[in-house]
Amino acid sequence: MSCPEIENLLRKKIGIDANIIGSSKIVKAVETRCSICSVSNVNDYLQMLHTSTQEFNELVELIVVPETWFFRDSQPYHALTNYVRSQWLNRYHHSKLRLLSVPCSTGEEPYSLAMTLLNLGLQPTQFHIDAVDISKKSLAKAKTGIYSRNSFRGNNLEFQHRYFNPINKEYQISDQVKNTVNFSPGNLLDSQFLLDRKSYDIIFCRNVLIYFDLPSRKIALKSLNCLLKTRGIILVGASETGELANLGLEIIRLDGVFLGQKKLANIENVNYSSASNYQPKENTKSPIHPILLETSQINNTKITPILDTVNQLSKATQIHDYHLNTIRKLADEGNLNEALSQCQSYLYDNSTSAEAYLLLGEIYQAQGIELQAEECFQKAVYLDPKNSQALLHLILLKEQRGDIIKANILRQRFQRLHKL
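What counts as what
- Residues numbered from 1 in each chain as written.
- Predicted model: local features only at pLDDT ≥ 70, side-chain atom pairs only at ≥ 80, totals over all residues.
- Heavy atoms only, no water.
- Axes fitted to C-alpha atoms, helices over the stretch in contact; angles between N-to-C directions.
- Helix = DSSP H or I, 4+ residues; strand = E, 2+ residues; numbered from the N terminus.
- Parallel < 35°, antiparallel > 145°, perpendicular 65-115°, else oblique.
- Left-handed = near helix turned anticlockwise from the far one by under 90°.
- Contact = heavy atoms within 4.5 Å.
- Nonpolar A, V, L, I, M, F, W, Y, C, P; charged D, E, K, R; others polar.
- Expected span 1.5 Å × (residues − 1).
- Buried < 20%, exposed > 50% of the residue type's maximum accessible area, 1.4 Å probe, protein only.
- Pairing = 2+ DSSP bridges.
- 1 Å grid on protein atoms, 1.4 Å probe; cavity = no way out; pocket = protein on both sides within 12 Å on 5 of 7 lines; lining within 4 Å.
- Points joined across faces, edges and corners; volume = space filled by probe spheres on them.

Peer 1: I'd like to hear about the packing of helix α17 (residues 388–400) against helix α18 (residues 404–417), residue by residue, with values.
Peer 2: As a packed pair, α17 and α18 sit with axes 8 Å apart at the nearest point and diverge in direction by 160 degrees. As summarised for this structure, α17 and α18 are arranged roughly antiparallel, according to the angle between their axes. Judged by the twist between their axes, the crossing of α17 over α18 is left-handed. When α17 is examined against α18, the residues Ser388, Leu391, Leu392, Leu394, Ile395, Lys398 and Glu399 are found in contact with a partner set consisting of Ile404, Lys406, Ala407, Leu410, Arg411, Arg413, Phe414 and Leu417. Among the residues making up the contact of α17 with α18, the classes are represented as 9 nonpolar, 1 polar and 5 charged.

Listed below in structure tokens is the structure:
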């Protein structure tokens, strides 16, 4: 069975790229629904999808990927902790902290966000979490709040004893956590997506854009940017971080995680390197609390951050190779060791692939192995001197180490590349 028209419909309505999620998965889902609906002709089923919202939703339920668990990839939660301590508590503690988790799947991510904030000492009345997903079945499970052992992975499960009650062989999340999350259905490509909600301090969107085609990612990221408060942060998958720059967001590094922060129109630059040793300048009217921003000062002269000088970052080169997409998917799902192994194998046969070296560098960086990451980014730039993402990674790494001279040389090269 061939389903190109159905694939196009799914891409248009929910952004799913069949080349990434796999045409075979879509074919299997269509065959299942055709059997249930007693439809023998794929064209007839296509017509049904056009006329029945309920049937389209049933097909989507078979295609979405609900694989998740509590505190999946711990680094983003460390970054959240750092941001709340260093910025929000110092500036906005009188207001309510607002967070968005999309897609929220079966609830593990938004509940992990809630537990992180409670562990920080925040009261449930001090924050609000909206959790949105396109799958109504996933939302139903999330609202129930009962989970099997598969949702608890890793060695640090102290939170399980603190916030869950055992029920036979499963675990029920406590009302203290459950009542802080508001679940609702939503589609990132909907032109009215969350327009009725107040803006957010923090947005998590880490496990869906990898499945989108480029136009759909742009639409989704633009919508999320509109929902983000000034100085708010957004966390996406590693492969989408570069695209945040196109929205005018500051790319910052926090606890090993690259994320985007919405900037003020005019803010005074501050020289700092970490939240722990930050000392505000004297006579600074409104000190900016740090979160490991890779911004730079040379000879006490105010330097506009890299991305402030770029009207529009060049589009990240899109990886159409199926194997690299598979490796990116593994990395974004947190399977870093497997992604590393597969990427190294890929480079054995494709030693001149700049995109593969860029991806390998991002994987090393996610593991905190920054020397190897830097070598990979350098190889990517050598193979493709116009690789903007690799140059950007190198600039940030040099600035992080305090090597401002080399960072400035790379920045000038970056600016020449974009003819600024």
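Peer 1: Give a description of helix α15 (residues 354–366) that names residues and reports values.
Peer 2: Spanning 13 residues, α15 covers 18 Å between terminal C-alpha atoms, matching the ideal 18 Å at 1.5 Å per step. By the criterion of burial, α15 is predominantly enclosed, with 12 of the 13 residues buried. Following α15 by one or two positions, glycine 368 has its phi on the positive side, about 80 degrees.

Peer 1: Describe the sheet that holds strand β3 (residues 146–147), and please don't skip the residues or the numbers.
Peer 2: Ordered in space as β3-β5-β4, the 3 strands form an open sheet in which the pairing is antiparallel. Two strands lie at the open edges of the sheet, namely β3 and β4 (164–167), each paired on one side alone. In this sheet, strand β5 (residues 170–173) lies alongside β4 in antiparallel orientation, the contact comprising 4 bridges. When the bridges of β5 are listed, proline 166 appears paired with tyrosine 171.

Peer 1: Which residues make up the sheet that holds strand β7 (residues 200–205), and what are the values?
Peer 2: Pairing is mixed in the open sheet, where 7 strands are placed in the order β6-β2-β1-β7-β8-β10-β9. At either margin of the open sheet sits one strand with a lone partner, and together these are β6 (181–185) and β9 (250–254). Going across the sheet, the axis of each strand differs from the next one's by a mean of 25 degrees, ignoring polarity.

Peer 1: Pulling in residues and values, what's your account of the layout of surface pockets?
Peer 2: If you add up the space inside the largest pocket, you get close to 460 Å³. Forming the walls of the largest pocket are 19 residues, and the residues nearest its centre are Phe71, Ser74, Tyr77, His78 and Asn156. Elements supplying a minimum of two residues to the lining of the largest pocket: α6 (75–91), α7 (108–119) and α9 (158–163). No other element matches α6, which puts 4 residues into the lining of the largest pocket. Looking at side-chain class alone, the lining of the largest pocket contains 6 nonpolar, 8 polar and 5 charged residues.

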